[in-house]
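Architecture and fold: a report
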Amino acid sequence: MSDLAGKRVLLIVPGGIAAFKIPELIRLLRGRDCGVTCVLTQSGAQFVTKLTLQALTETTVYSDLFSLTDENEMGHIQLSRSADLVVVAPATANILAKMAAGIGDDLATTLLLATDKPVLAAPAMNVRMWLHAATQANMALLAARGVEVVGPDDGAMACNEYGPGRMSEPPAIVAAIEALLAPPHALDGAHAPLAGRHAPLAGKHAIVTSGPTHEPIDPVRYIANRSSGRQGHAIAASLAALGARVTLVSGPVSVPDPPGVTVLHIESARQMLAACQDALPAEIAVCAAAVADWRVAIAASGKIKKTPGAASPTLELVPNPDILATLSAPGPRRPHLVVGFAAETDDLMANAQAKRTRKGCNWIVANDVSPETGIMGGAENAVHLITADGVEDWPRLAKDEVARRLATRIAEALA
Ligand code: C5P
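Just so you know, these numbers come straight off a predicted model, no measurement behind them. (Residues numbered from 1 in each chain as written. Predicted model: local features only at pLDDT ≥ 70, side-chain atom pairs only at ≥ 80, totals over all residues.)

**Here's the deal with unusual backbone geometry**
With glycine set apart, most residues show a phi of negative sign, and most peptide bonds adopt trans. For the record, the criterion: Secondary structure counts use DSSP, requiring at least four H or I residues in a row for a helix and at least two E residues in a row for a strand, with both numbered from the N terminus.
The amide bond that connects Gly151 to the next residue, Pro152, takes the cis arrangement and shows omega of 5 degrees. Along the chain, Leu280 connects to Pro281 via a cis peptide bond; the corresponding omega equals 5 degrees. Following the sequence through the fold, Pro281 ends up in the loop between α10 (269-279) and β13 (284-287). At Glu58, a residue that is not glycine, the phi angle is positive and equals roughly 60 degrees.

**Some words on the sheet that holds strand β11 (residues 245-250)**
The criterion, for reference: At least two bridges found by DSSP between two strands is the condition for calling them paired. Orientation is described by lines fitted to C-alpha atoms, with helices fitted over the stretch in contact, and by angles between N-to-C directions that extend from 0 to 180 degrees. Each residue is represented by a C-beta atom placed from its backbone, and any two residues with such atoms within 7 Å are regarded as in contact.
If you walk across this open sheet you meet the eight strands as β12-β11-β8-β13-β16-β17-β19-β20, and the pairing is mixed. Each end of this open sheet is capped by a strand with a single partner; those strands are β12 (262-265) and β20 (390-393). Each strand of the sheet is rotated relative to its neighbour by a mean of 15 degrees, with strand direction disregarded. Where strand β19 (residues 383-387) and β20 come together, four bridges link them in antiparallel fashion. Across the sheet, residue Ile386 finds its bridge partner in β20, namely Val391. Helix α9 (residues 230-241) rests against β8 (205-210), β11 and β13 of the sheet, and its axis sits at about 165 degrees to β8. Of the strands in this sheet, β13, β16 (337-344), β17 (363-368) and β19 are in contact with helix α13 (residues 399-414), which crosses β16 at around 150 degrees.

**Thoughts on the site of the ligand**
The cut-off we apply is this: Nearness is defined per residue: the C-beta atom, placed using the backbone, must lie within 6 Å of the molecule or strand. As a working rule, the residues Ala, Val, Leu, Ile, Met, Phe, Trp, Tyr, Cys and Pro are called nonpolar, Asp, Glu, Lys and Arg charged, and the rest polar, with Gly in that last group.
Of all residues adjacent to the ligand, which total 15 residues, the nearest are Cys287, Val291, Ile323, Leu324 and Gly340. Every element with two or more residues in the shell around the ligand is listed here: α11 (323-328) and β16. Ranked by residue count, the leading element in the shell around the ligand is β16, at three residues. Class assignment of the residues belonging to the shell around the ligand gives a composition of nine nonpolar, three polar and three charged.

**Quick notes on the pairing of β19**
Within a regular beta strand, the side chains point alternately toward one face of the sheet and then the other, so they alternate between its two faces. Pairing of β17 with β19 involves four bridges; the strand directions are antiparallel. Paired with Ala366 across the two strands is His384, which belongs to β19. Counted between consecutive antiparallel strands, the loop separating β19 from β20 contains two residues.

**Some points on the domain arrangement of the protein chain**
Put simply, the test is: Domain start and stop positions are those given by an automatic or database domain assignment.
Per the domain assignment, the segments of the protein chain are domain 1 (8-181) and domain 2 (205-414). When each unit is reduced to the centre of its C-alpha atoms, the spacing between domain 1 and domain 2 is 33 Å. In this complex, domain 1 contributes 17 residues to the contact, which on the side of domain 2 involves 13 residues. Those elements that provide at least two residues to the side of domain 1 that touches domain 2 are α6 (127-131), α7 (133-144), β6 (153-156), β7 (162-166) and α8 (170-181).

**Quick word on the nonpolar core**
Put simply, the rule is: To count as a nonpolar core, a set of buried Ala, Val, Leu, Ile, Met, Phe, Trp, Tyr and Cys residues must be joined through C-beta atoms within 7 Å. Residues are called buried when their C-beta atom has 20 or more other C-beta atoms within 10 Å, exposed when it has 12 or fewer, and partly exposed otherwise; all C-beta atoms are positioned from the backbone.
Among the nonpolar cores identified, the biggest contains 122 residues, and Ala89, Ile177 and Leu239 are the most heavily contacted of them. Considering every element that reaches this core, the biggest residue donor is α8, with nine residues. In terms of domain composition, this core takes at least three residues from each of domain 1 (8-181) and domain 2 (205-414). Apart from residues no more than four positions distant in its own chain, Ile177 is found in contact with Leu4, Val9, Leu85, Val87 and Leu120.

**What to know about the sheet that holds strand β5 (residues 148-149)**
Overall, parallel pairing links the five strands, which are arranged β2-β1-β3-β4-β5 in an open sheet. A single partner strand is all that each edge strand has here, and the edge strands are β2 (35-40) and β5.

**A short note on the confidence of the model for the protein chain**
Convention followed: Confidence of the predictor in every single residue is expressed as pLDDT, which spans 0 to 100.
Chain-level statistics for the protein chain give a pLDDT mean of 88 and a share of 91% at 70 or above. Within the model, pLDDT remains below 50 along residues 184-197, and this stretch shows 38 contacts once partners closer than five positions in the same chain are excluded.

**Focus: the environment of Val383**
Inspection of the secondary structure assignment puts Val383 in strand β19. Residue Val383 is classed as buried on the basis of its C-beta count, with 26 C-beta atoms lying within 10 Å. Between the C-alpha atom of Val383 and that of Ile266, which follows or precedes it by 117 residues, the distance is 27 Å. The contact partners of Val383, leaving out residues within four places of it in the chain, are Val365, Ala366, Asn367, Trp394 and Val402.

Shown next, in the form of structure tokens:
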């Protein structure tokens, strides 16, 4: 039987182009025997019809606040509380702003004010709207109030721009719903995340590294690794959602700063190490950054000129400090739990096991980043958690979901 069987989702559908994915979301939920009741906003009805939603949910679709006052119909308070979870998808900048401000000017926003159930938002909007300070401030406020968030993903948008803002794909939204509604430990033997209201990591400080480092060759050129920062940033957000005070030390990335987290922006490996050491003491360190292994011994102070006919320059490289190994070294300031990542293309498990011993960290999250997996820069990850007790194989999951599970495992380990 599905973990979602018998659960009920109240699905609020605001007006965004990503609403075209909603019928698929409903189909997936109904296929898991999860009940779905839709509330379609006036602008949502411009993108998806009431008739479609009604046919797929096999129940009434609500859209008008005042029709609910009819005694034969469900009052809006009751409707907002009869579900196990309220899902807002696509969560537009507009409805997120109304949620943050506590505005209730239609059925959807009134329900969101009246509900006593967990709320999950799947943001979807233009990249600039998502990165706008107002939207980010609203997200921080909503996260602090316990609203759960899935996505948004990076990618090409309907408006011909590229970046974060695409609504998560329906399977990732279902995974997030399952994580909130399925009982703990029911998910493939791994661990279900806790809802944002619980704070098992309250009072704990976590340092997370994320993104690439840039090692200058001259003022305009640099050496770097491929890394979007998505996984590290999601881990920082998940640890914060469980109540930790989080310092995120991030290399140059295009993903936005996660809400509720202190972000230190650095460029080079040496700056990343210094920022981590300055942030100590901490109980938890998660090194998810793709740190460049080498830097140029002496970066040129001016742009190296390309002179026709002249020999190409030779770069002398020197090793960078290993941040994970440095934080893992025994000593009074060593965090209790240090977690490293092993992104490998060959002999994944053997290399990852060896890395755990070599670096001296407690856990390694191992993932296969061969190009055919599509994991590098993508929205999903398939990882193995290597601890002193053995290996846990996790299913392929959205990176947000990997982050939630890892944060939950960390909370359990420190309990
Ligand atoms: O040695 P490798 O780069 O494969 O190890 C990966 C792990 O080590 C990751 O957790 C990464 O963040 C960390 N690392 C680091 N400093 C480095 C190199 C890697 O913290 N200089």
